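These are the residues of each chain, in order.
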Amino acid sequence: MDATIAASLHSSKPAPCNDVGGVPSNGVVSTIQFHSSAPPFSSAEPTLGCHLARRLVQIGVSDVFSVPGDFNLTLLDHLIAEPGLNLIGCCNELKRRLRRRRLCQGSSENLPVICIVGGPNSNDYGTNRILHHTIGLPDFSQELHCFRSVTCYQAVVNNLEDAHELIDAAISTALKESKPVYISISCNLPAIPHPTFSCEPIPFSLSPKLSNQMGLETAVDAAVEFLNKAVKPVIVGGPKLRAAKACDAFVQLADACGYAFAVMPSAKGLVPEAHPHFIGTYWGPVSTAFCAEIVESADAYLFVGPIFNDYSSVGYSLLLKKEKAIIVQPDRVIIGNGPTFGCVLMKDFLIALGKRLKPNATAYENYHRIYVPDGHPLKSEPNQALRVNVLFQHIQKMLSAETAVIAETGDSWFNCQKLKLPKGCRYEFQMQYGSIGWSVGATLGYAQALPDKRVIACIGDGSFQMTVQDVSTMIRCGQKSIIFLINNGGYTIEVEIHDGPYNVIKNWNYTALVDAIHNGEGNCWTTKVSEYSVVGFISFSCLSTNGFGQYF
């Protein structure tokens with residue numbers, strides 16, 4: 001109904017002051033508990049707004065992105081009053097990642113986004129009144145219907161009796177399913193106390209998911225038999241590694257078995273590229289050099305957390321055979337054309353499998369034998385037009401353990417895939433939904449969630465025009481990101497698919513626009529580069545404040 005508030009968890013940033021109880025050795029189910037040391041809202045009695053704010057802190061949320069509106073103002077007061085929360089006011093409602101994203105993207109990327117919206121006064125339900133922030137009907141459920149298709153749980157809180165139950169159910173569902181949820185809170189309720197809201201913080205707890213032990217053992221037996229008889233098996237990591245929290249288990253398996261391993265494009269950055277048996281990105285005909293030859297010639301491939309959509313399969317052109325593949329999903333294992341094992345968690349399966357496989361480095365030895373190191377771009381002369389490969393050569397030199405790369409949808413997908421990530425360097429790009437403009441908000445959210453990382457974003461002009469307002473919030477929050485705006489004069493990726501006049505956009509003076517947003521408040525530096533200049537790139541690599549580059 002009204003402007004939204006949203007927060008999301010990310011596995012890379014643990015909840016502060018939380019006490020996690022795992023599964024004891026005797027196999028008894030335990031719980032995961034989240035404790036908060038933050039004092040409650042300074043109110044004589046506990047209120048709904050206080051309870052919600054405290055719950056967010058208990059599950060590890062530190063930043064809440066918001067846009068104020070008349071239906072959520074009182075709730076915002078309670079969120080501001082919570083010492084463990086940092087409320088970030090945004091220019092519009094398109095902020096996301098790590099801490100927030102549009103819900104359709106959060107759903108497609110398996111992110112636990114909690115979207116909180118202000119709803120109509122609880123006294124207006126059932127009165128046949130027509131309210132603002134609606135489509136002009138006395139039925140207030142239209143917004144709920146819109147959110148149902150992109151969230152895994154919806155809670156409409158319009159009375160205090162079940163508010164505690166609905167809020168906890170929504171939050172726990174987001175965490176368990178790693179999907180977005182929707183919470184609507186009537187505008188007159190946040191400041192009202194109720195006996196169900198305790199003055200003392202009550203720990204939030206979740207029962208952990210467990211594998212079916214018999215299914216796990218049977219799946220591992222079948223996989224061991226399948227892989228140990230292979231001559232040159234390989235492993236390929238997919239994007240669902242993140243949601244399954246199995247990235248470390250994947251590396252443990254690679255260490256144990258010695259197989260050559262690659263990642264799908266949407267899994268780049270989830271596992272260390274400095275690993276000795278890493279062979280690159282498997283993306284069919286546009287894979288990194290020599291990677292596809294090794295993967296597609298293998299006599300067995302273990303795909304862990306893959307998503308085979310039209311993007312990742314390059315129009316379903318991958319030269320793979322189902323009978324050679326083991327597919328491991330977050331809670332299921334499929335072996336070739338044979339059996340499927342349900343209720344088997346990915347992390348448990350990978351750890352158990354690593355203890356049973358025979359070491360086999362044949363595929364990696366084949367890769368090492370055919371591998372030819374990358375060449376270097378032709379040296380550019382001063383005042384020569386800047387080439388993309390030269391630009392990315394310099395971006396490569398900027399990467400370190402203290403940086404993170406954000407790749408916008410479009411030609412930056414392909415250019416950034418060629419970057420070699422040093423140990424500790426993070427990487428994000430959004431392949432499933434493929435929405436242009438995603439990266440500007442992603443840069444904001446990522447830099448806010450991981451302030452120790454310097455975000456380097458590669459963004460096209462068409463995408464930048466979609467969400468440029470986010471730069472204002474970046475400056476306001478004192479972030480130190482660097483944006484390389486690659487000015488193509490339109491939607492270049494669309495030109496490659498199907499050209500037409502609709503792919504041409506109005507050219508902006510991007511540096512002047514960002515300077516106007518900056519307006520002398522905070523730290524920001526901009527420049528335009530259209531020709532090769534050694535001095536220009538030295539200044540980029542030495543930036544200590546916000547950097548913004550426009551390239552032609």
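Residues numbered from 1 in each chain as written. Predicted model: local features only at pLDDT ≥ 70, side-chain atom pairs only at ≥ 80, totals over all residues. Heavy atoms only, no water.

Asker: Mind laying out the pairing of strand β11 (residues 260-263), listing which residues take part and the relevant values?
Answerer: The side-chain alternation of β11 yields two buried faces, one formed by Ala260 and Ala262 and the other by Phe261 and Val263. With four bridges connecting them, strand β10 (residues 234-237) and β11 associate as parallel partners. What sits directly across from Gly237, in β11, is Val263. For β11 and strand β12 (residues 278-281), the ladder comprises two bridges, and the chain directions are parallel. Paired with Phe261 across the strands is Phe278, a residue of β12. (Buried < 20%, exposed > 50% of the residue type's maximum accessible area, 1.4 Å probe, protein only. Helix = DSSP H or I, 4+ residues; strand = E, 2+ residues; numbered from the N terminus. Pairing = 2+ DSSP bridges.)

Asker: A description of the layout of surface pockets should follow, citing residues and the corresponding values.
Answerer: Taken as a whole, the second largest pocket encloses approximately 990 Å³ of empty space. In terms of lining residues, the second largest pocket is bounded by 32 residues, among which Asp374, Gln396, Lys418, Leu419 and Lys420 are the most central. Put simply, the parts of the chain that give the lining of the second largest pocket at least two residues each are β12, α11 (362-370), α12 (388-398) and α13 (411-417). It is α12 that contributes the most residues to the lining of the second largest pocket, five residues altogether. Within the lining of the second largest pocket, the residues separate by chemical class into 15 nonpolar, twelve polar and five charged. (1 Å grid on protein atoms, 1.4 Å probe; cavity = no way out; pocket = protein on both sides within 12 Å on 5 of 7 lines; lining within 4 Å. Points joined across faces, edges and corners; volume = space filled by probe spheres on them. Nonpolar A, V, L, I, M, F, W, Y, C, P; charged D, E, K, R; others polar.)

Asker: So what about the side chain of Thr47? Which residues, and what values?
Answerer: As for its placement among the helices and strands, Thr47 is situated in the loop between β3 (32-34) and α1 (48-58). A polar side-chain atom of Thr47 sits 3.2 Å from a polar atom in the side chain of His78. Looking at Thr47, its side chain comes within polar contact range of the main-chain oxygen of Pro190, at 3.4 Å. (Polar contact = N/O pair within 3.5 Å; in protein donor to acceptor, adjacent residues only side chain to side chain.)

Asker: So what's going on with the pattern of salt bridges? Which residues, and what values?
Answerer: Side chains that carry opposite charge are capable of pairing whenever their charged atoms lie near each other. Under the defined criterion, the tally for this structure stands at six salt bridges. Across the pair Asp221 and Arg356 runs a salt bridge whose closest N-O atoms are separated by 3.0 Å. Taken as a pair, Asp221 in helix α6 (residues 213-228) and Arg356 in the loop between α10 (346-354) and α11 lie far apart in primary sequence, 135 residues in all. With its nearest N and O atoms 2.7 Å apart, the salt bridge here joins Glu273 to Lys268. In terms of burial, Glu273 and Lys268 fall into one category: buried. (Salt bridge = Lys/Arg side-chain N within 4 Å of Asp/Glu carboxyl O.)

Asker: Help me get a handle on the packing of α1 against helix α2 (residues 73-81), residues and values and all.
Answerer: With their axes 9 Å apart at the nearest point, α1 and α2 run at an angle of 50° to one another. As judged from the angle between their axes, α1 and α2 are oblique. Helix-helix and strand crossings are classified by hand; for α1 and α2 the assignment is right-handed. Between α1, through Gly49, Cys50, Leu52, Ala53 and Leu56, and α2, the contact on the second element is made entirely by Leu75, His78 and Leu79. In terms of residue class, the contact of α1 with α2 is built from six nonpolar, two polar and no charged. (Axes fitted to C-alpha atoms, helices over the stretch in contact; angles between N-to-C directions. Parallel < 35°, antiparallel > 145°, perpendicular 65-115°, else oblique. Left-handed = near helix turned anticlockwise from the far one by under 90°. Contact = heavy atoms within 4.5 Å.)

Asker: Can you lay out the sheet that holds β12 for me, pointing to particular residues and giving the numbers?
Answerer: Strands sit in the order β12-β11-β10-β13-β14-β15-β16 across an open sheet of seven strands; the sheet is mixed. Across the chains shown, the open sheet's two edge strands, defined by having one partner strand only, are β12 and β16 (340-342). Here the strands of the sheet are splayed against their neighbours by 15° on average, with no regard to which way each runs. Running over the sheet, helix α8 (residues 247-257) touches β10, β11 and β13 (301-304) and is turned about 165° from β10.

Asker: Describe the pairing of strand β17 (residues 403-407), with residues and values.
Answerer: A regular strand places its side chains on the two faces of the sheet in alternate fashion. Burial runs high along β17: five of the five residues are buried. Side chains of β17 alternate between two faces, with Thr403, Val405 and Ala407 and Ala404 and Ile406 buried alike. Two elements, β17 and strand β19 (residues 454-460), share five bridges in a ladder whose sense is parallel. Following the sheet pairing, Thr403 is matched in β19 by Arg454. Examined bridge by bridge, β17 and strand β18 (residues 426-429) share four bridges and lie parallel to one another. Bridge assignment links Ile406 to a residue of β18, and that residue is Glu428.

Asker: Could you give an account of the packing of aromatic side chains, naming the residues involved and the relevant values?
Answerer: Evaluated as defined, the whole model comprises 17 aromatic pairs. Centroid distance Phe290 to Tyr371: 6.0 Å. Interplanar angle 70°. Geometry classified as edge-to-face. Remark: Tyr371 occurs in the loop between α11 and α12 and Phe290 occurs in the loop between β12 and α9 (291-296); sequence separation between them is 81 residues. On the basis of relative accessible area, Tyr371 is assigned to the partly exposed category, the value being 32%. One aromatic cluster is present, formed by Trp283, Tyr311, Trp413, Phe414, Tyr427 and Phe429 through successive ring pairs. Taking NZ or CZ as reference, Lys268 lies 5.5 Å from the ring centre of Tyr427, over its face. (Phe/Tyr/Trp six-rings, centres within 6.5 Å; stacked < 30°, edge-to-face > 60°. Lys NZ or Arg CZ within 6 Å of the ring centre and 35° of its normal.)

Asker: Tell me about empty space enclosed by the protein, and please be specific about residues and values.
Answerer: Following the criterion strictly, the structure yields four cavities of 30 Å³ or more and no others. Forming the walls of the largest cavity are 19 residues, and the residues nearest its centre are Glu109, Pro239, Arg242, Ser266 and Phe429. Broken down by class, the residue content of the lining of the largest cavity amounts to seven nonpolar, six polar and six charged. Counted as a void, the second largest cavity has a volume near 120 Å³. Here the lining of the second largest cavity is built from residues that sort into three nonpolar, eight polar and three charged.

Asker: Tell me what's going on with α1, and back it up with residues and numbers.
Answerer: α1 sits mainly inside the fold: eleven of its eleven residues count as buried. By the burial criterion, the buried members of α1 are Leu48, Gly49, Cys50, His51, Leu52, Ala53, Arg54, Arg55, Leu56, Val57 and Gln58. Where α1 ends, the next residue or the one after it, Gly60, has phi of about 100°, a positive value.

Asker: Before we move on, can you summarise the environment of Glu521 with the specific residues and values?
Answerer: Considering the arrangement of structural elements, one finds Glu521 in the loop between α18 (510-518) and β21 (525-529). Sequence-wise, Glu521 and Gly478 are 43 residues apart; in three dimensions their C-alpha atoms are separated by 9.9 Å.

Asker: How would you sum up α10? Please name residues and give values.
Answerer: Among the residues of α10, those classed as buried are Met346, Phe349, Leu350, Leu353 and Gly354. Buried residues of α10, seen end-on, are gathered within an arc of 125° and therefore sit on one face of the element. Tucked into the core, α10 has its buried residues touching α6, α7 (240-243), α8, β13, β14 (325-329) and β15 (332-335). (Arc of directions from axis to C-beta.)

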